[in-house]
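The primary structure of each chain is shown beneath.
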Amino acid sequence: SSGINAEYGRRCQWEEKIIDCWLEHKDQLREESMLSYLKIAQDLDMYGINYFEIYNRKGSKLWLGIDALGINIYHHNDKLAPNIGFPWSEINNISYSDKRFTITTVNSKTADFIFNVEKARTNKGILDLCIRNHELYIRRRKPETAEVQQMRMQALSDRREKRQERNRLKREREARIAAEHHQRVLEQKLMAIEQEQQVAKKALLVYQAKSSELERKIQEREVQSRKMEEQRATAEAEMNKLESELSLQLEEKMELRELYKTKEDIAMKSAQELADLQGQAEQLRVEYEDLHRKYTDEVLSRSLTSSLVSEGSDQLEETCSDSQDFITEIDGNRSEETRDVELTRDHLLHRKLRDIEKELMMEKNYSCLTNEDHQYMALVQNGDDKYKTLRKIRKGNTRQRVDEFEQMATFKNVEGESVTESGETAS
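Numbers given to residues run from 1 along each chain, matching the order in which its sequence is written. With the structure being a predicted model, the display of local features is reserved for residues of pLDDT at least 70 and the display and counting of side-chain atom pairs for 80 or more, all residues being used for whole-chain, interface and lining totals. As a convention, hydrogens and water are excluded, and side-chain values are obtained from all of the structure's heavy atoms.

The subject of this paragraph is the overall build of the protein chain. Labels follow the DSSP assignment, with helices taken as runs of H or I lasting at least four residues and strands as runs of E lasting at least two, numbered in each case from the N terminus. Each helix and strand in the protein chain was counted, giving eleven helices and nine strands. Only protein chains enter the accessibility calculation, which uses a 1.4 Å probe; a residue is then buried when its area is under 20% of its type maximum, exposed when over 50%, and partly exposed in between. The 427 residues of the protein chain split such that 26% are buried. In this analysis, two residues are considered to be in contact whenever any of their non-hydrogen atoms come within 4.5 Å of each other. Sequence separation of 24 or more characterises 61% of the internal contacts of the protein chain that already satisfy a separation of 6 or more. Every accessible area reported is derived by Shrake-Rupley at a probe size of 1.4 Å, with residue values counting cover from the shown protein chains alone. About 29,500 Å² of surface is accessible on the protein chain, with carbon and sulfur atoms providing 51% of the total.

Moving on, we get to helix H10 (residues 386-393). Considered for burial, the residues of H10 that qualify are Lys-386, Tyr-387, Thr-389, Leu-390 and Ile-393. Summarising the axial view, the buried residues of H10 lie within an arc of 155°, below the 170-degree limit, and thus occupy one face. To obtain the arc, one takes the directions from the helix axis to the C-beta atoms.

On to empty space enclosed by the protein. Here a cavity denotes grid points, spaced 1 Å and computed from the protein atoms alone, that fit a 1.4 Å probe unable to get out, and a pocket denotes an open set having protein on both sides within 12 Å along at least 5 of 7 lines; residues with an atom within 4 Å of a point are the lining. Grid points are joined across faces, edges and corners, and a volume is the space filled by probe spheres set on the points. Under the counting rule described, the total for this entry stands at two cavities of 30 Å³ or more. Each pocket or cavity is described by its volume, and for the largest cavity that value is around 80 Å³. If you go around the largest cavity, the residues you meet are Asp-45, Ile-49, Asp-67, Asn-72, Tyr-74, Leu-80, Pro-82, Lys-386, Thr-389 and Leu-390. For the lining of the largest cavity, the secondary-structure elements that each account for two or more residues are strand S3 (70-75) and H10. Considering every element that reaches the lining of the largest cavity, the biggest residue donor is H10, with three residues.

In this section: the nonpolar core. Judged by nonpolar contacts, the single largest core of 24 residues is most densely connected at Leu-64, Ile-73, Phe-115 and Ile-126. For this core, the element with the most residues is helix H4 (residues 120-141), which contributes four residues. Setting aside chain neighbours within four positions, we find Ile-73 in contact with Ile-54, Leu-62, Trp-63, Leu-64, Pro-82, Asn-83, Ile-84, Phe-113, Phe-405 and Met-408. Nonpolar cores are built from buried Ala, Val, Leu, Ile, Met, Phe, Trp, Tyr and Cys residues. Side-chain atoms within 4.5 Å join them into one set.

This part covers the packing of aromatic side chains. The aromatic pairing rule takes the rings of Phe, Tyr and Trp, using the six-membered ring of Trp, and pairs them if the centres are within 6.5 Å, calling planes under 30 degrees apart stacked, those over 60 edge-to-face and the rest tilted. Following the criterion strictly, the structure yields seven aromatic pairs and no others. When the centroid spacing of 5.2 Å and the interplanar angle of 15° are considered together, the rings of Phe-101 and Phe-115 count as stacked. Linking Phe-101 in strand S6 (residues 100-105) with Phe-115 in strand S7 (residues 113-116), this pair joins segments that are 14 residues apart in sequence. There is no split in this pair, since Phe-101 and Phe-115 are both buried. One aromatic cluster in this structure is built from Phe-86, Tyr-96, Phe-101, Phe-113, Phe-115 and Phe-405. Seen from the ring of Trp-63, Lys-79 lies directly overhead, with NZ or CZ sitting 4.2 Å from the centre. The side chain of Arg-141 reaches across the aromatic face of Tyr-137, ending 3.8 Å from its centre. By definition, being over a ring means that NZ of Lys or CZ of Arg is both within 6 Å of the ring centre and within 35 degrees of the ring normal.

Rendered as structure tokens:
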């Protein structure tokens, strides 16, 4: 709201805190969330209280507070800390006449508790509130009927079934998310393997092309070698012919020897090149066999990964169940006087709220604080809470509290003493 934004500022921080709290409690049932909220809210000092301006016999202006626990009297400048309290169990009768309101206590020796209001119609609203709250107070402390107990057991059974169903759905959702994540991981691995296979296929095609080219070159060299062999045979035949002819002339014989030597060098060079080509062909055959073996391994790995993906998808159908009972307790008469605030019992929640409070105090704009804010901070600093105040204001008998009411003044000073409107301390 605008008041909260003005007091603390930076709305985004509020939204972040609310989102974090929602994420932490998103699996909680709606009824449990409402009940947890009310358990904390009911411990606030002004929770469920309706205030009315009243006057005692001295004419001091005071506040009358009515709630489910009883009737409290406040100074006019302090709606947080009451000075006198009357639980519903001590009130016997209530009535009004015009602007005068009378409360009779169960102690017949005690004078009636009487106050006045400015308008007569205000007393009708006070009377209605007192009747409704008193009926509720008595009803909650009476033994429960069989019908109410049956309704309570039915409500507990319904809540337990809802909680079990929510837990089951939560487990199924978590299992489905885990299985989907596992399937995505397997699919990513499969895609990576397929990409690697595509790369390997391309590399294999390149090697096959190179191998075909080398085989073609080898065939061409073999053809050339055969031609050279034919040429060598021809040369030998010619050399033999020349040798027969050179036997006649020495000079011709020498020329034929030189020609023979030249042809023999060419033949040896051709034989060496043929041997090199045969070595290269053998190396290409070895590389081709390695590529073929790698390609076969990739195909086997792909089929194995596909079977793993199908097994991961089957895990989506598995579910499990669990249960937990929920137990409630019923307070006795005037149990509010022995209670402690909810946060003192839930240490984890108390620590979280304290941490949030420390962060907010650093951003707090103290110029926007109201009188009630300052009074609440003083109560917290003194270590007081709603139930400690109730125990304190209900001390003593009813007569003492009625007499104290008649002596109350309009305002309360810093030390907690009553002062009149002129500023004098009341006796």
